[in-house]
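Take a look at the letters that make up each chain.
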Amino acid sequence: MAAVQRTAQVDWTGSIARGAGVTSGGSGAIRDLPVTLASRFGEPAGKTSPEELIAAAHAGCFAMALGSVLAGYGTPPEFLRVMATVTLETSGDPTIVSSLLDVHALAAQADAASLERAAHEAERSCPVSRALQGNVEIRVHATLDQPSALQAAE
């Protein structure tokens, strides 16, 4: 199988401290997302950051991996919600130090133990987790929900 490549571009104007940029993906699915240094280290104010984009990539990748693993166990999910929280340590050289994946799953045929097992297998099979592995602490907290709990959270 051939390698898959995806592209993204940032157009930046001005200095790092006072400038601003927009990022877009080659697919057209994300377009002209504003990004600034202030959105990275302060309040987002409707702008994104590299860390937020990594969180989105990690959450999406992990959801796909977990869905696949659960289906392989014969317990396909009806719904998954994955919240990724990427932490950027700002003392010294700014460094991404962790990604916490908080998972809520609705899978009628699964139990808490099989969800936990599937979550750890998904962590090992998710390409974004593997890219971060060794440099970023990855933690997964998985909760098996009842349909009413997910509806109440919306």
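Because the structure is a prediction, the values reported are computed rather than measured.

Trainee: Sorry if this is basic, but what is going on with the overall build of the protein here?
Mentor: For the protein, the helix and strand inventory stands at five helices and six strands. Starting at the N terminus and ending at the C terminus, the protein contains elements arranged as β-β-β-α-α-β-β-α-α-β-α. Along the three orthogonal principal directions, the C-alpha set of the protein runs to about 55 × 40 × 30 Å. A buried classification covers 32% of the 154 residues belonging to the protein. Sequence-distant contacts in the protein: of pairs separated by 6 or more residues, those separated by 24 or more amount to 53%. Surface exposure of the protein reaches about 9,400 Å², of which carbon and sulfur atoms provide 55%. Side-chain charges of the protein comprise 10 positive and 16 negative groups, with the mean position of each set lying 6 Å from the other.

Trainee: Please clarify how the state of the cysteines should be interpreted in this entry.
Mentor: Think of a disulfide as a covalent bridge from one cysteine sulfur atom to another cysteine sulfur atom. With the rule as written, the count across this model stands at one disulfide. Through a disulfide, C61 is tied to C126; the S-S separation comes to 2.5 Å. Taken together, the residues span a long stretch of sequence, with C61 in helix α2 (residues 50-72) and C126 in the loop between α3 (112-125) and α4 (127-132) at a distance of 65 residues. Accessibility classification places C61 together with C126 in one group, the buried group.

Trainee: Where do I start with the nonpolar core in this structure?
Mentor: Generally speaking, soluble globular proteins have nonpolar side chains that are buried together. Formed by 27 residues in total, the largest nonpolar core has its most connected members in F62, L66, L101 and V103. Secondary-structure elements contributing two or more residues to this core are α2, β4 (79-89), β5 (95-106), α3 and β6 (137-144). Non-local contacts of L66, meaning those with residues more than four positions away in its chain, are made with L80, V103, L115, A118, A119 and A122.

Trainee: Got a minute to help me understand the pairing of β4 in this structure?
Mentor: Side-chain direction in a regular strand flips from residue to residue, so the side chains alternate between the two faces of the sheet. Side chains L80, V82, A84, V86 and L88 of β4 all project onto a buried face; the interleaved residues F79, R81, M83, T85, T87 and E89 project onto a face where none is buried. As paired elements, β4 and β5 share 11 bridges and run antiparallel to each other. Paired with F79 across the two strands is L106, which belongs to β5. Where β4 folds back on β5, the antiparallel hairpin that results is connected by five residues, among which G92 adopts a positive phi of roughly 75 degrees.

Trainee: What is the right way to read the sheet that holds β6 from this model?
Mentor: Sheet strands line up and pair through hydrogen bonds in the backbone, either parallel or antiparallel. Sheet architecture is open: three strands sit in the order β4-β5-β6, paired in mixed fashion. Two strands bound the open sheet, and with one partner strand each, they are β4 and β6. Adjacent strand axes in the sheet meet at a mean angle of 15 degrees, parallel and antiparallel pairs treated alike. The pairing of β5 with β6 spans eight bridges and is classified as parallel. Note that in β6 the partner of V103 across the bridge is A142. Along the sheet face, α2 touches β4, β5 and β6 and points at about 145 degrees away from the line of β4. Each of β5 and β6 is contacted by α3, which is oriented at about 150 degrees to β6, the strand it contacts most.

Trainee: Quick question: what am I supposed to make of the pairing of strand β1 (residues 8-13) here?
Mentor: Two strands pair when backbone bridges link them, and β1 and strand β2 (residues 20-25) are joined in this way by six bridges, in the antiparallel orientation. Note that in β2 the partner of A8 across the bridge is G25. Between the antiparallel neighbours β1 and β2 lie six residues, among them G14 with a positive phi of about 95 degrees.

Trainee: Please explain α2 as it appears in this structure.
Mentor: A turn of α-helix holds 3.6 residues, and therefore any two residues three or four places apart point the same way. Given a rise of 1.5 Å per residue, 23 residues ought to cover 33 Å, and the 33 Å separating the end C-alpha atoms of α2 matches this to within 8%. For α2, the set of buried residues is E51, A55, H58, A59, C61, F62, A65, L66, G67, V69 and L70. Each element contacted by the buried residues of α2 is listed here: α1 (37-41), β4, β5, α3, α4 and β6. Just past α2, the residue G74 takes up positive phi, approximately 80 degrees.

About the thresholds
Residues numbered from 1 in each chain as written. Predicted model: local features only at pLDDT ≥ 70, side-chain atom pairs only at ≥ 80, totals over all residues. Heavy atoms only, no water. Helix = DSSP H or I, 4+ residues; strand = E, 2+ residues; numbered from the N terminus. Buried < 20%, exposed > 50% of the residue type's maximum accessible area, 1.4 Å probe, protein only. Contact = heavy atoms within 4.5 Å. Areas by Shrake-Rupley, 256 points an atom, 1.4 Å probe, with all protein chains shown as cover. Lys, Arg positive; Asp, Glu negative; His and termini not counted. Charge placed at Lys NZ, Arg CZ, Asp CG, Glu CD. Disulfide = S-S within 2.5 Å. Core = buried A, V, L, I, M, F, W, Y, C linked by side-chain atoms within 4.5 Å. Pairing = 2+ DSSP bridges. Axes fitted to C-alpha atoms, helices over the stretch in contact; angles between N-to-C directions. Expected span 1.5 Å × (residues − 1).

Any link to function would need more than the numbers given here.
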